[in-house]
Amino acid sequence: MLVLSRTRDETIMIGDDIEITVVDIRGDKVRLGINAPGHVPVHRKEVYDAIKRENRQAAQISPTDVSAVTNVSENGSVSQNKRKKR
């Protein structure tokens, strides 16, 4: 791990297009500003870990789980394919 010291308003560059700037320091908290291209995802570590965990769980859905649901609408509600008798 590379460890750098920076003071307020100083910036660290990662590659040519990612900037990390120390915006504020209050007590034991440091606020960072991050400029990165739109195609580069930027998350807090705990959010990133949660996304990975949910993706792993979603990848473990079995075919029987999928066959139990016959139709899922765009808003996420589940309905069965039952037609009304006329």
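The structure presented is a predicted model; accordingly, all values stated were derived computationally and were not measured. (Residues numbered from 1 in each chain as written. Predicted model: local features only at pLDDT ≥ 70, side-chain atom pairs only at ≥ 80, totals over all residues. Heavy atoms only, no water.)

Asker: I tried to follow the overall build of the protein chain on my own but got confused; where do I start?
Answerer: Within the protein chain, the regular secondary structure consists of two helices and five strands. Helices and strands appear in the protein chain in the N-to-C order β-β-β-α-α-β-β. Every one of the 86 residues in the protein chain was classed for burial, and the buried ones make up 7%. Nonlocal contacts in the protein chain, meaning residues at least 24 apart in sequence, comprise 0% of its contacts between residues at least 6 apart. Accessible area of the protein chain: about 8,300 Å², with a carbon and sulfur share of 51%. (Helix = DSSP H or I, 4+ residues; strand = E, 2+ residues; numbered from the N terminus. Buried < 20%, exposed > 50% of the residue type's maximum accessible area, 1.4 Å probe, protein only. Contact = heavy atoms within 4.5 Å. Areas by Shrake-Rupley, 256 points an atom, 1.4 Å probe, with all protein chains shown as cover.)

Asker: I keep staring at a nonpolar patch on the surface and nothing clicks. Help me out?
Answerer: On the surface, Ile 25, Val 30, Leu 32, Ile 34 and Val 42 cluster together to form a nonpolar patch covering roughly 430 Å² of accessible area. Among the elements that take part in the nonpolar patch, strand S3 (residues 29-35) stands out by supplying three residues, more than any other. The topology assignment puts Val 42 in the loop between S3 and helix H1 (45-59). (Patch = residues over 30% accessible without salt bridge, like charges linked within 9 Å, V, L, I, M, F, W, Y side chains within 5 Å. Salt bridge = Lys/Arg side-chain N within 4 Å of Asp/Glu carboxyl O.)

Asker: Help me understand the pairing of S3, please; the structure alone is not making it clear to me.
Answerer: In the case of a regular strand, side chains alternate between the two sheet surfaces. Two elements, strand S2 (residues 18-26) and S3, share seven bridges in a ladder whose sense is antiparallel. Following the sheet pairing, Ile 20 is matched in S3 by Ile 34. Linkage of S2 to S3, two consecutive antiparallel strands, is achieved through a turn of two residues, within which Gly 27 is found at a positive phi near 60°. (Pairing = 2+ DSSP bridges.)

Asker: Sorry, what's going on with unusual backbone geometry here?
Answerer: Residues apart from glycine generally show negative phi values, whereas peptide bonds are mostly found in trans. Although it is not a glycine, Asp 9 sits at a positive phi angle of roughly 70°. Within the secondary structure layout, Asp 9 lies in the segment before strand S1 (11-14). Classification of Asp 9 by relative accessible area gives exposed; the value is 54%.

Asker: Hey, could you run me through the sheet that holds S2 in this one?
Answerer: Consider a sheet: its strands pair through backbone hydrogen bonds, and that pairing is either parallel or antiparallel. One open sheet holds the three strands; their spatial order is S1-S2-S3, and the pairing between them is antiparallel. Two strands bound the open sheet, and with one partner strand each, they are S1 and S3. Taking each pair of neighbouring strands and ignoring which way they run, the sheet shows an average axis angle of 25°. As defined by bridge partners, S1 adjoins S2 across four bridges and the pair is classed as antiparallel. The residue of S2 that forms the bridge with Ile 14 is Ile 18. (Axes fitted to C-alpha atoms, helices over the stretch in contact; angles between N-to-C directions.)

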